[in-house]
Amino acid sequence: MKKKLSLYILILLPLLNWNCKNYSESKDATVSKMKNDTIIQDSKADSVKVELTQYNKKWVRYVNENGQTTSEVELYISENGDSVSWNRKIFKNGILDLTQSHFYDFKAEMSKDSLIKGRITLHSELDHTIKGPVKERELTAEFVNKYLEKKEVVVFESKGKNYVDFEFKNNSDTIIGLLTEYRRVNLIKEPDSARMIWTKFPIDNKSSTNNLFIYFHELGKNKR
């Protein structure tokens, strides 16, 4: 499903979760209020007056004393030398361990008519670590869209799946976006409670980027 929005500033931590009593009775009102409260500014892309951090991203591989891969981490290294990461792959005996890994696969193609079409598939460790039934799961992919003279954010959603498809026209093959996963999990020991979890990943298909979603969502706070 596709939506179109003006470019907005949305302040939200990379991973946010809490328990909510009697969630089922107030779901619609709660979600609606959250959306209204978090969208604090509507703006066209060319009118945003902020200094965006320039990042260079690369995958780093770690090996043990036997030369066997133990992990791979995608780092976003800022112009100031700080680094942040979201995608990580953990290996056990040289084999990818999906129970501990947390990353997305990104596939996209651009046709001659400027159409970008693809799919993002999320491999989440939450599939293996969260106890309790998942009552609701939603993936949202947002992209900065510059086509002809128009600039906006396009939004694509999927429900109950670990992937989201997208298709939009863009002036260039540079892709800047954000992947958000939302889960609502019922707690086994507290039937009347639910845990809500948001996980966010910046999306970039170029090694050098000033992804505005990192700034707007404050994803660069966990620096090292």
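Being a predicted model, the structure only gives us computed values, none of them experimental.

Participant: I would appreciate a short explanation of the environment of K159 in the present structure.
Facilitator: For K159, the position within the fold is in strand β12 (residues 150-159). Residue K159 is classed as exposed on the basis of its relative accessible area, which comes to 54%. Sequence-distant contacts of K159, defined by excluding residues within four places in its chain, comprise R137 and E138. For K159, the side chain forms a polar contact with the side chain of E138, separated by 2.4 Å.

Participant: Is there a simple way to think about the sheet that holds strand β10 (residues 115-123) in this case?
Facilitator: By way of backbone hydrogen bonds, the strands of a sheet pair with one another, either parallel or antiparallel. Strand order in the open sheet formed by three strands is β9-β10-β13, with antiparallel pairing between adjacent strands. Only two strands of the sheet have a single partner each, and these edge strands are β9 (103-110) and β13 (163-169). Between one strand axis and the next, the sheet turns through 15° on average, direction left out of account. Across eight bridges, the pairing between β9 and β10 is antiparallel.

Participant: For this particular structure, what's the right way to read the side chain of T121?
Facilitator: Relative to the helices and strands, T121 is located in strand β10. The class of T121 is buried, set by a relative accessible area of 18%. Sequence-distant contacts of T121, that is, excluding residues within four places in its chain, are made with F103, Y104, D105, N162 and Y163.

Participant: Explanation requested: the sheet that holds strand β6 (residues 69-78) in the structure shown.
Facilitator: Spatial ordering of the open sheet is given by β8-β7-β6-β5-β16, a layout of five strands whose pairing is antiparallel. The open sheet terminates on both sides in strands that have one partner only, identified here as β8 (95-96) and β16 (208-209).

Participant: How do you make sense of the packing of aromatic side chains when you look at a structure like this?
Facilitator: Two numbers describe a pair of aromatic rings. These are the distance of the centres and the angle of the planes. All told, the structure shown has twelve aromatic pairs when counted by the stated rule. On the numbers, 4.9 Å between centres and 40° between planes, the contact of Y182 with W198 is tilted. Here the residue Y182 occupies a position in strand β14 (residues 176-186), and W198 occupies one in strand β15 (residues 193-204), the gap between them amounting to 16 residues. With a relative accessible area of 10%, Y182 lands in the buried category. On the basis of relative accessible area, W198 is assigned to the buried category, the value being 11%. Looking at R119, its charged tip hangs above the ring of Y163, at a distance of 3.8 Å from the centre.

Participant: In this structure, what is going on with the pairing of β12? I would like to understand it.
Facilitator: Regular strands show a simple pattern: their side chains alternate between the two faces of the sheet. Counting buried positions along β12 gives seven out of ten residues, so the element sits mostly inside the fold. Inspection of the sheet shows strand β11 (residues 134-147) paired to β12 by ten bridges, in the antiparallel sense. Bridging across to β12, L139 finds its partner in S158. Between β11 and β12, which pair antiparallel in sequence order, lie two residues; one of them, L148, sits at a positive phi of approximately 55°.

Participant: Teacher, can you tell me more about the pattern of salt bridges here?
Facilitator: Evaluated as defined, the whole model comprises eleven salt bridges. Here E125 and R88 are joined by a salt bridge, their closest N and O atoms 2.6 Å apart. In this pair, E125 is assigned in the loop between β10 and α2 (126-129) and R88 in strand β7 (residues 83-92), connecting sequence segments 37 residues apart. For E125, a relative accessible area of 21% corresponds to the partly exposed category. Here the salt bridges do not stand alone but share partners, grouping D127, R137, E181 and R183 into one network.

Participant: Would you take a moment to explain the side chain of N211 for this structure?
Facilitator: As for its position among the elements, N211 is in the loop between β16 and α3 (212-216). For N211, a relative accessible area of 2% puts it in the buried group. A polar side-chain atom of N211 sits 3.2 Å from the main-chain carbonyl oxygen of G177. Polar side-chain contacts of N211 include one of 2.8 Å to the backbone nitrogen of F213. Apart from the residues lying within four places of it in its own chain, the contact partners of N211 are I176, G177, P202, I203 and D204.

Rules and cut-offs
- Residues numbered from 1 in each chain as written.
- Predicted model: local features only at pLDDT ≥ 70, side-chain atom pairs only at ≥ 80, totals over all residues.
- Heavy atoms only, no water.
- Helix = DSSP H or I, 4+ residues; strand = E, 2+ residues; numbered from the N terminus.
- Buried < 20%, exposed > 50% of the residue type's maximum accessible area, 1.4 Å probe, protein only.
- Contact = heavy atoms within 4.5 Å.
- Polar contact = N/O pair within 3.5 Å; in protein donor to acceptor, adjacent residues only side chain to side chain.
- Pairing = 2+ DSSP bridges.
- Axes fitted to C-alpha atoms, helices over the stretch in contact; angles between N-to-C directions.
- Phe/Tyr/Trp six-rings, centres within 6.5 Å; stacked < 30°, edge-to-face > 60°.
- Lys NZ or Arg CZ within 6 Å of the ring centre and 35° of its normal.
- Salt bridge = Lys/Arg side-chain N within 4 Å of Asp/Glu carboxyl O.

By themselves, these observations are geometric and do not establish any function.
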